[in-house]
Structure formats: structure tokens, C-alpha cells
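Architecture at a glance
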Amino acid sequence: MRWALNRLALAITSMVALAFLVPLAVATRQIAYDRAISDARQQATSMVTVLGVDSDLVTLTNAVASTAAGSDGRLALHLPGLDAIGTSHLSKATVRRAAEERRAATAEAGGGVAYLQPTVLTDGRTVVVEVFVPGEETRRGVGFAWLALGGLAVLLVGGSILLADRLGSQLVRSTRQLAAASRRLGGGELNERITPTGPRELRDAASAFNTMADDLRRLLDRERELAADLSHRLRTPLTGLRLDVEAMPPGPIAERMRQACDLLDEELEAIITGARLGSIEKRGSQQCDLVEVLADRLAFWSVLAEDQERPWEVVGGNEPVFVPMPASEVILVVDALLGNVFSHTPDGTAFRVSVSASGLLVDDAGPGIPDPERAVTRGFSGAGSTGLGLDIVRRAAETVRGQLVIDRSPLGGARIGILLHAPALEPAEQRKRR
């Protein structure tokens, strides 16, 4: 914007300067020319005065030599039938034509211009006074005047550009503040507000931004309250379910049901706490070990895998992999990836889990996913799926600036996972089988 305003000021000021400087330059040259001709006219008039007093040749010769123009060889008197007194720069025909016309005139001469002043003596003879003006006299002072005009033009253009740049910097500063505040608000800083500055239009935009931020904050607070209330209402049926589980006889199914109830209770508590804290408070320096969470969740899913006779293996996991996410969200991601295998592949289908510093991948030997883009669309994923699970994984990947992977698995089915730092995971040579 600043460059655009500077270029606009340069173009407008340059056109205005040219519109005034060109006529001034022509006028300056014409003034210098007229001044030189006026000086020649004065010297010719003085000689006419001498001719009116005395027309003696000796007197005229001394009068010509006594003038500045005559001493410089620029003055001549042309009497009829006699040679010119002084130094002439014109042809006889030009002088004779001026005598016949009997009016002052100028004529081009070599290296300048000559001023001709005819006059009639008392005896009726016509005498022509010739004053030669060199070319440099007609241009004297023009160069300096043009230089002064050029300097003035440069000063005006530079001043206008500087003024436009100052005005543009204020506009740009206000615009950048508004853009930065918008980015911070979009990044989750709901307390972001901006002080209206700059022109009236930008101040109106800043005020509208503050109003929008206030409305957005109120809307999100209302949504968080609704989420917290809804989660709190689910505690009553969860308590009844836990009582039924406690009444079940001991065994693998009862133990799995107790673990599911504990996990559901933890998730409800996390939802209520997170909803009441808000998005800014939830964004802390929380992190967890992906390998530890994966091991805990695999212990839960392994029971179902054994019931369905699914062979499975884990690749990697020899070192901790810390991710900037709370453990509750990582649990949701792992459960969504593993639950996808159990929900959309037949019993007995093998799967493999690969974990490393690059991310987490789950490969299966099922039918695969024909349309990856549709698979992450809620309500339109097909195959009886709502698409909610993969959407959870996608949003979690975006939170850590990673990406969701949906591809063909080396096992023949689908590969779904989350990449943390982008290069694709390769199966490790050392595998831990369970």
C-alpha cells in the first residue's frame, strides 16, 4: 500500500511539475532573448540620437567606436552609397530591405541575431543601425534558471512522496494491526482486541472487529456451558451402568466393562473441566508420552482382538514419543484408529501398529478405504460410518501441526494414522509381537 501511494504521489506531482515547468522553461528562454534584444535596441536608439545631431562621417565613426557594442565589433552604421561604419554581420541585401521597409526588425546572422533600426536623416537619406547580439547573450542566465526550476521540481516531488509515505505508513500500520489481531483471534486468543486507529474506515473496521470478537467470545462461552451441562447429565446413566457392571460376576467381560466405565467417567470429567476452563486455559504446555498411552490402550483392545482372533503386532515403541497434547486427547486418537479396524474389517483381519517420533500409523489387511476424502466427512463417509472418528484424528493432527494419513496399507487394506513431523513412517526391522 505504501509503495502504491508513493507511486501515485510521484505520478501526480511529476505531471503537475511538468505542466508548470515546461511553460516556465520556454518563458525563461524568451525573457532572456527579449532582454538581449532590448539592450540592442537601446544601443541602436543612442546611435539614432547621434545621427539626429550630426551626420559627419568622422563623428559617426568616433561615436560607433565609443559604444560598448562598437568596441566589441557588434555595431555598424549603413549609410546609402557608402561602406558600413563599424563591423557588419549581415548581407547588403538584408540591410537594403530593412531600409526600404523603414521599420525595426531582427535578422538571423552567423552565431547570433542582428537588430536593425532604420532612421531618416534631415536630408532624406535612410540610415540603418545594426546591432549584433551573439547567441550566448540571448541565452544568458537560462541555464541557471532551468537548473533552479529543476531543483524546485525535485524538491516538490520528493516532498510529496515523503508526505505520501508518511500517510501510507499510518494506513499500513493500522491495517497490519488489524490483520495481526485477526490472526491471533483465529488462533484462539479470544481476549484479543484492537485500539481503533487510522482513517475513519479503518477505525470502523477495528470497532467491528472488537464487536465480532465479543460476540464470538459470548457464543463460545455459551457453547462450553451447554457442553458442560450435557456431560454432567450423562453422569446419572453412567452411575446406573457402573452399578450394573459391579453386579456382574468376575471375568474378562466384567473387567473390560469396568475399564470402559472408568474411561468414560474420565472423559466426562475432562469434557466438563475443559469446557468450563475455555480454549485459552486448555492451551497449556500439556504433553504426554504417545508410547505409554498406546501401550495402555492396546492392553484394552487386545482382549477384543483375542476374542475376534485377530493377529496383530506393534512396530517401534522402544523410546518415548512426547506429543504436545493432553493424554485424554491422545486416548481419543488411539481409540479412533484402533476402533476403525474393529468396526470396518471382518473378524480375524490382521492389523499392525507403527509408532515412532514421526507419528502413529495403523495398518490392516481389510478391504481398504476407496474414497479417503469422503471418509473424513461427517455423515457421508459411507460403509455405515459417521466419519466422526477420523475427524477427531484429523483435528488432533492439525492441533500439533501434523497431518492425517489415509492410504493403502502394505498389508493390503487401509493405512490410517497421524504424522507429527511429516516423512512417512517405514516399518522398523525390529518388531515387538504381542
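See above for the structure.
Definitions and limits used
Residues numbered from 1 in each chain as written. Predicted model: local features only at pLDDT ≥ 70, side-chain atom pairs only at ≥ 80, totals over all residues. Heavy atoms only, no water. Buried < 20%, exposed > 50% of the residue type's maximum accessible area, 1.4 Å probe, protein only. Helix = DSSP H or I, 4+ residues; strand = E, 2+ residues; numbered from the N terminus. Pairing = 2+ DSSP bridges. Axes fitted to C-alpha atoms, helices over the stretch in contact; angles between N-to-C directions. Left-handed = near helix turned anticlockwise from the far one by under 90°. Contact = heavy atoms within 4.5 Å. Nonpolar A, V, L, I, M, F, W, Y, C, P; charged D, E, K, R; others polar.

1. Section: the pairing of strand β9 (residues 351–356)
- Extensive coverage of β9 is indicated by the burial of five of its six residues.
- Judged from the five bridges that link them, strand β7 (residues 312–316) and β9 form a sheet pairing that is parallel. Within β9, the position partnered with glycine 316 by the bridge is valine 355.
- Pairing analysis gives six bridges linking β9 to strand β10 (residues 359–364), with the strands arranged antiparallel. Bridge pairing links phenylalanine 351 to aspartate 364 in β10.
- Hairpin connection of β9 to β10: two residues between the antiparallel strands.

2. Comments concerning unusual backbone geometry
- Positive phi values are uncommon outside glycine, yet glutamate 309 reaches one of about 55°.
- Turning to its location among the elements, glutamate 309 is positioned in the loop between α11 (290–307) and β7.
- Classification of glutamate 309 as exposed rests on a relative accessible area of 66%.
- Even without glycine at this site, arginine 401 takes up a positive phi of about 60°.

3. So, the packing of α11 against helix α12 (residues 327–344)
- Two elements in contact, α11 and α12, have axes whose closest approach is 10 Å; the angle formed by their N-to-C orientations is 35°. Along this stretch, α11 crosses α12, giving a crossing that reads as right-handed. Facing α11, whose interface residues are Leu290, Val293, Leu294, Arg297, Leu298, Trp301, Leu304 and Ala305, α12 presents Val330, Ile331, Val334, Asp335, Leu338, Gly339 and Phe342.
- Among the residues making up the contact of α11 with α12, the classes are represented as twelve nonpolar, one polar and two charged.

4. Topic: the environment of isoleucine 12
- Along the chain, the position of isoleucine 12 falls in helix α1 (residues 2–53).
- Separated by 148 residues in sequence, isoleucine 12 and serine 160 place their C-alpha atoms 9.3 Å apart.

5. Here we look at the environment of threonine 122
- Counting through the fold element by element, threonine 122 comes out in the loop between β4 (112–120) and β5 (126–134).
- Its relative accessible area of 86% is what places threonine 122 among the exposed residues.
- Sequence spacing of threonine 122 and valine 53 is 69 residues, and the spatial spacing of their C-alpha atoms is 9.8 Å.

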